[in-house]
Amino acid sequence: MKVMCVIGTRPEAIKMAPVVNAFKKCEDFEVCVLATAQHRDLLDQAFSLFDIQADYDLNIMQPGQTLPELTSRLIVGIDKILTEAKPDLVIGQGDTTTVFVTALACFYQKIPFAHLEAGLRTHDLYSPFPEEANRILAGNLACLHFAPTEVSKNNLLREAMKPEQIFVTGNTVIDALLATAQKDFPLEVDIPEDKRMVLVTSHRRENFGQPIINTCQAILELVKKYEDICVVFPVHPNPNIRNVVDEYLLNHDRIKLVSPFDYGPFVSAMKKAYIILTDSGGVQEEAPALGKPVLVLRRDTERPEAVTEGVVKLIGTEKQDIVNEASILLDNVDAYRAMAKGASPYGDGNSSERIVQIVRAYFEQAQR
Ligand code: UD1
Ligand code: UDP
């Protein structure tokens, strides 16, 4: 049986890599990888760490790409590769434009599509934009849903997806994290021994403009207020983020602006961090498993499990809220400990093995 894994962006590569490698171990499957390269440099970084080679590479990314341009280049490109490769099943991950268009291209060719990280919802179509719509659309075209948690499974059931097509597998990001965290990747940034490290990431469309400016201003206020902190900010290459961050935060000795880390060093950065400020989906899943408090620079999340556990807090992007919430963790040891207790509601590190079993059973049933 031929399984095609489609990967567009950094988080898709990190979360799909354990699945690709699990299929590679099985003699009854032929696995091939289609890189749309919706991201170029960020994707290449992740592929090299996990030793993944693309069998097909669309090299789609363009600087400052718009959603319509991206969508139209993807649909034509993916359709051609499907015609050539003729997979029996295609797997796409998450909520990017790549996954939505992959699902649509498969539908047009009547190729079964399986959705990895299915069922995440904020229940607000415009937040995150366009990801909430992307995952709903992809899910509606899927014949297999790999839901990370019971919460995501229930979201799918509420949308009248067929129960026999939904499987709670955990999130493969924890497979990737646990395998990577075992190794010791050098951090590549000098943090003085006596400083507490605050790790920051931001890239979401809804944080372009004033929200990312607020975040930068809050960081400036925090480094002024706390002489014992050092901020490390791997800056996403999107010009809407990079230009603002450079304008506000360049040339401060306790604010280290760096290029996006490879996944190995980024895991080391999470391990070393005292607290993490982020709007990233993946980081919300990973950091709790490493026992690190996460303050989420968003008003809502499709990942409520860690919030319920008390190890992740939604704080939005108002400057004063960011300063106040970070200050609580930096000042109050009890508040800090409560959020640093560690929890892994998103997986146990064995999700990709489960997915292989489910796909095998799916083909066996189809053949009967
Ligand atoms: C995309 C996903 C988002 C995901 C994020 C992960 C969509 C609509 N958005 O957002 O869901 O959370 O990836 O990071 O699918 N760029 C580079 N080099 C890279 C990557 C990006 O220069 O390796 C720059 C380019 O100018 C590119 C821009 O970033 O045009 C935006 O990339 P795009 O994939 O459209 O959006 P992201 O904000 O990265
Ligand atoms: N990540 C990384 N290097 C960095 C920042 C993040 O490897 O400099 C990893 C992070 O550990 C997580 C993934 O990238 O697994 C998240 O990607 P991103 O935040 O871009 O997307 P999202 O998860 O929000 O879709």
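Everything numeric in this text was worked out from a predicted model, so none of it was measured.

Draft legend 1. Inspection of helix 8 (residues 210–225) at higher detail. Here helix 8 spans 22 Å end to end across 16 residues, near enough to the 22 Å set by a 1.5 Å rise per residue. If you check which residues of helix 8 are buried, you get Pro211, Ile212, Ile213, Asn214, Thr215, Cys216, Ala218, Ile219, Leu222 and Val223. Check the buried side of helix 8 and you find it contacts strand 8 (196–201), strand 9 (229–234), helix 9 (239–249), strand 10 (255–258) and helix 13 (319–331).

Draft legend 2. The sheet that holds strand 1 (residues 2–7), seen in detail. Judged by pairing direction, the sheet is parallel, and its seven strands sit side by side in the order 3-2-1-4-5-6-7 without closing on themselves. Two strands lie at the open edges of the sheet, namely strand 3 (56–57) and strand 7 (166–168), each paired on one side alone. Across the sheet, helix 4 (residues 97–108) lies against strand 1, strand 4 (89–93) and strand 5 (113–116), angled at about 160° from strand 5, the strand it touches most.

Draft legend 3. View of the pairing of strand 8. Within strand 8, six of the six residues are buried, leaving the element largely enclosed by the surrounding structure. The alternating pattern of strand 8 places Arg196, Val198 and Val200 on one face and Met197, Leu199 and Thr201 on the opposite face, and all of these are buried. Of the strand pairs in this sheet, strand 8 and strand 11 (residues 275–278) are connected by four bridges, and their pairing is parallel. Of the residues in strand 11, the one forming a bridge with Leu199 is Ile276.

Draft legend 4. View of the pattern of salt bridges. Enumeration over the complete set of coordinates arrives at 23 salt bridges. Residue Arg360 is joined to Asp28 by a salt bridge in which the shortest nitrogen-to-oxygen separation is 2.6 Å. Here Asp28 lies in the loop between helix 1 (10–24) and strand 2 (30–35) and Arg360 lies in helix 15 (residues 351–367), a separation of 332 residues in the sequence. In this structure Arg360 comes out as partly exposed when scored by relative accessible area, which is 21%. As a salt-bridge pair, Asp44 and Arg40 come within 2.8 Å of each other at their nearest N and O atoms.

Draft legend 5. Focus on the site of ligand 1. Ligand 1 sits among 25 residues. The nearest are Gln38, His39, Gln62, Glu131 and His203. Within the contact set of ligand 1, an oxygen atom lies 2.7 Å away from a side-chain nitrogen or oxygen of Gln38. Within the side chain of Glu131, one N or O atom sits 2.5 Å away from an oxygen atom of ligand 1. Within the complex, 94% of the 750 Å² of free accessible area of ligand 1 lies under protein. Here the residues of the shell around ligand 1 sort into eight nonpolar, eleven polar and six charged.

Draft legend 6. Spatial organisation of the packing of aromatic side chains. On inspection of all chains with the given rule, the structure shows eight aromatic pairs. Plain terms: the ring middles of Phe261 and Phe266 are 6.3 Å apart, the flat faces sit at 40° to each other, and that makes the pair tilted. Across the pair, exposure class does not vary: Phe261 and Phe266 are buried alike. Relative to Phe363, the ring of Tyr362 lies with its centre 5.5 Å away and its plane at 65°, an arrangement referred to as edge-to-face. According to the relative accessible area criterion, Tyr362 is partly exposed, its value standing at 22%. Given the relative accessible area of 8%, Phe363 is considered buried.

Draft legend 7. Up close: the packing of helix 4 against helix 5 (residues 131–140). Packing of helix 4 against helix 5 brings their axes to within 8 Å, and their N-to-C directions diverge by 25°. Judged by the inter-axis angle, helix 4 sits roughly parallel to helix 5. As helix 4 packs across helix 5, the resulting crossing turns out to be left-handed. Contacts between helix 4 and helix 5 pair Thr97, Val99, Phe100 and Ala103 from the former with Asn134, Leu137 and Ala138 from the latter.

Draft legend 8. Inspection of the site of ligand 2 at higher detail. Around ligand 2 there are 15 residues in total, and Arg10, Ser280, Gly281, Gly282 and Glu286 lie nearest to it. In this structure, an oxygen atom belonging to ligand 2 sits 2.7 Å away from a side-chain N or O atom of Ser280. The backbone of Gly282 places a nitrogen or oxygen atom 2.8 Å from an oxygen atom of ligand 2. When ligand 2 is considered free in solution it has 540 Å² of accessible area, and contact with the protein chains removes 95% of it. Residue assignment for the shell around ligand 2 shows that the elements contributing at least two residues are helix 1, helix 10 (263–272) and helix 11 (281–289). In the shell around ligand 2, the residues fall into eight nonpolar, four polar and three charged.

Draft legend 9. Representation of the sheet that holds strand 10. The parallel open sheet is built from six strands, whose spatial order is 10-9-8-11-12-13. Strand pairing shows two members of the sheet lacking a second neighbour, strand 10 and strand 13 (312–314), which therefore form its edges. Shown here is a sheet whose adjacent strand axes are inclined to one another by a mean of 20°, direction ignored. In this structure, strand 12 (residues 294–296) lies alongside strand 13, joined through three bridges in parallel fashion. In the sheet register, Val294 faces strand 13, and the bridge partner there is Val312.

Draft legend 10. View of the pairing of strand 1. With six of its six residues buried, strand 1 lies for the most part within the structure. Judged by which residues are buried, strand 1 turns out to be covered on both faces: Lys2, Met4 and Val6 on one side and Val3, Cys5 and Ile7 on the other are all buried. In this sheet, strand 2 lies alongside strand 1 in parallel orientation, the contact comprising six bridges. Among the inter-strand pairings, Lys2 is bridged to a residue of strand 2, identified as Glu30. Between strand 1 and its parallel partner strand 2, the chain crosses via helix 1, and the hand of that crossover is right-handed.

Conventions used here
Residues numbered from 1 in each chain as written. Chains lettered and ligands numbered in written order. Predicted model: local features only at pLDDT ≥ 70, side-chain atom pairs only at ≥ 80, totals over all residues. Heavy atoms only, no water. Helix = DSSP H or I, 4+ residues; strand = E, 2+ residues; numbered from the N terminus. Expected span 1.5 Å × (residues − 1). Buried < 20%, exposed > 50% of the residue type's maximum accessible area, 1.4 Å probe, protein only. Contact = heavy atoms within 4.5 Å. Pairing = 2+ DSSP bridges. Axes fitted to C-alpha atoms, helices over the stretch in contact; angles between N-to-C directions. Salt bridge = Lys/Arg side-chain N within 4 Å of Asp/Glu carboxyl O. Near = heavy atom within 4 Å. Polar contact = N/O pair within 3.5 Å; in protein donor to acceptor, adjacent residues only side chain to side chain. Areas by Shrake-Rupley, 256 points an atom, 1.4 Å probe, with all protein chains shown as cover. Nonpolar A, V, L, I, M, F, W, Y, C, P; charged D, E, K, R; others polar. Phe/Tyr/Trp six-rings, centres within 6.5 Å; stacked < 30°, edge-to-face > 60°. Parallel < 35°, antiparallel > 145°, perpendicular 65-115°, else oblique. Left-handed = near helix turned anticlockwise from the far one by under 90°. Right-handed = clockwise from strand over helix to strand, strands pointing away.

Geometry only, nothing functional implied.
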